[in-house]
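Results of the structural survey
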Amino acid sequence: MWNSIVDFLASVIDIFYNWTGNFGVAVIIFTIIVKGLLLPLDIKSRKSTSKIQDLQPEIQRISDKYKNDPEKRSRKLQELYAQHNVSPMSGCLPMLITLPVIFILFAALRKIAAEHMYIYMEQLLIANDASMKDFLAQISASVASSDVIKTSFQDILPMLFNNSGNLPSSLAKLPEVISQESFDMLSAAIKSVTFEQAQAAAAASGYSFLWIKNIWVADSAVKSVLGTSVSFGSAMCNGWFILPVLSTATQYLQTFLMTRTNKKKSDSTKKQQDPTANSMNWMNKLLPLMSLYFCAVYNSAFAIYWTVSNIISITQNLVMNLIKKMKDKKSKEEVVNL
């Protein structure tokens, strides 16, 4: 099931890549489509939340009247919600849908990134020596049939690159599985790959995007195009932490705009809170921190998704608020003209 979801998402992104020739642009198009699919749900939720806020005076009246009878108060509130066809939890619905989507895409893009990084590194080795194609296939088969090493060669190759071709302690048994001679050849091949080759190959594969040299690596000033550690600000760095900062800023702005909108409405109803406000308040504080961490540590493709998703949500918020203001103004004018 999970592999089917990942394969489906990968195939969709690949379709957009084949159309645009760049994975960064492909992820942006993919993000726009995902947000478009979720838009009707968001609109419905906002309408329901607005109705809930309009009912605040009545909600407060019922709460005060039956404050000593919780059971009757609850029943009366449910009758009020049913009468106006609203749900007090409607404001949470977009978040309940959005969060699983974020985590699914996060996990899927990690898996997709791992697959692309293996292909990328494999191609780098083959570009230097065509005979490496069969050699790598043999090593992969040896690792797959081994009972000693449980890690797949798809994961092992990036680990070796990250360790500059040297043997990590976690792979101490690898020379026994593939032979010491084969490991020495593989190590030498990895060490022969230059930064210039790696950067050129990433660009040729459609992995570069704006200032990012490889979107399957974090937008980081301490990570290279291969995902290896480099000194801060080195010419070999993959990025400059721009996406993590942008994702955090846009996530904060998005939650700020939503909170401000709800606060204004609450102020107009004697500062009574939306029933969903308390349940959502902690999430509004947590999301910007999650955004900063995930986008700084994991691949840039996910950071692009998160940042673009935030920008679209901010635009939706501003447009919907403008439409509502225009409708409210028109309603007031109609009342005055009666």
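Now for a description of the structure that goes with this document. Source: prediction; values computed, not measured.

A short note on the overall build of the chain
When its secondary structure is counted, the chain shows 13 helices and zero strands. Starting at the N terminus and walking to the C terminus, you meet the elements of the chain as α-α-α-α-α-α-α-α-α-α-α-α-α. Per-residue burial over the chain gives 43% buried out of 338 residues. Taking the intrachain contacts of the chain between residues at least 6 apart in sequence as the baseline, contacts between residues at least 24 apart amount to 67%. Summed over all atoms, the accessible surface of the chain reaches about 18300 Å², with 61% contributed by carbon and sulfur.

A word on the packing of aromatic side chains
Ring pairs (aromatic) are described by centroid distance and by the angle formed between their planes. Following the criterion strictly, the structure yields 16 aromatic pairs and no others. Seen from their ring centres, Tyr118 and Phe153 are 6.0 Å apart, and the 80 degrees between their planes marks the pair as edge-to-face. Taken together, the positions of Tyr118 in helix α5 (residues 93-128) and Phe153 in helix α7 (residues 153-162) put the pair 35 residues apart, joining distant regions of the chain. When its relative accessible area of 12% is taken as the criterion, Tyr118 is described as buried. Look at Tyr293 and Phe294: their rings are 5.5 Å apart centre to centre, the planes differ by 65 degrees, and that puts the pair in the edge-to-face class. What makes Phe294 buried here is its relative accessible area of 15%. Grouped by ring-pair contacts, the aromatic residues Phe106, Tyr293, Phe294, Tyr298, Phe302, Tyr305 and Trp306 constitute a single cluster.

Considering a nonpolar patch on the surface
A cluster of nonpolar side chains, contributed by Trp240, Ile242 and Leu246, occupies part of the molecular surface with about 270 Å² of accessible area. Secondary-structure assignment places Ile242 in helix α11 (residues 242-267).

Observations regarding the nonpolar core
Core analysis: the biggest nonpolar cluster contains 69 residues, and Tyr120, Leu125, Phe153, Leu157, Leu174, Leu186 and Trp216 have the highest contact counts within it. Of all the elements, α5 adds the most residues to this core, at 14 residues. For Tyr120, the contacting residues outside a window of four places in its chain are Ala198, Gln199, Ala201, Ala202, Tyr207, Asn214, Val225 and Leu226. Grouped together as the second largest cluster of nonpolar side chains are nine residues, Tyr66, Leu77, Leu80 and Val86 included.

Considerations on the pattern of salt bridges
Considering all chains together, one arrives at four salt bridges under this definition. When the shortest N-O distance is used, the salt bridge between Glu79 and Lys76 registers 4.0 Å. Residue Glu79 and its partner Lys76 are both found in helix α4 (residues 70-83); the two are separated by three residues, about one turn of the helix. For Glu79, a relative accessible area of 41% corresponds to the partly exposed category. We classify Lys76 as partly exposed; its relative accessible area is 27%. With a shortest N-O distance of 3.9 Å, Glu176 and Lys173 are connected by a salt bridge. Overall, Glu176 belongs to the exposed group, its relative accessible area being 60%.

Parameters at a glance
- Residues numbered from 1 in each chain as written.
- Predicted model: local features only at pLDDT ≥ 70, side-chain atom pairs only at ≥ 80, totals over all residues.
- Heavy atoms only, no water.
- Helix = DSSP H or I, 4+ residues; strand = E, 2+ residues; numbered from the N terminus.
- Buried < 20%, exposed > 50% of the residue type's maximum accessible area, 1.4 Å probe, protein only.
- Contact = heavy atoms within 4.5 Å.
- Areas by Shrake-Rupley, 256 points an atom, 1.4 Å probe, with all protein chains shown as cover.
- Phe/Tyr/Trp six-rings, centres within 6.5 Å; stacked < 30°, edge-to-face > 60°.
- Patch = residues over 30% accessible without salt bridge, like charges linked within 9 Å, V, L, I, M, F, W, Y side chains within 5 Å.
- Salt bridge = Lys/Arg side-chain N within 4 Å of Asp/Glu carboxyl O.
- Core = buried A, V, L, I, M, F, W, Y, C linked by side-chain atoms within 4.5 Å.

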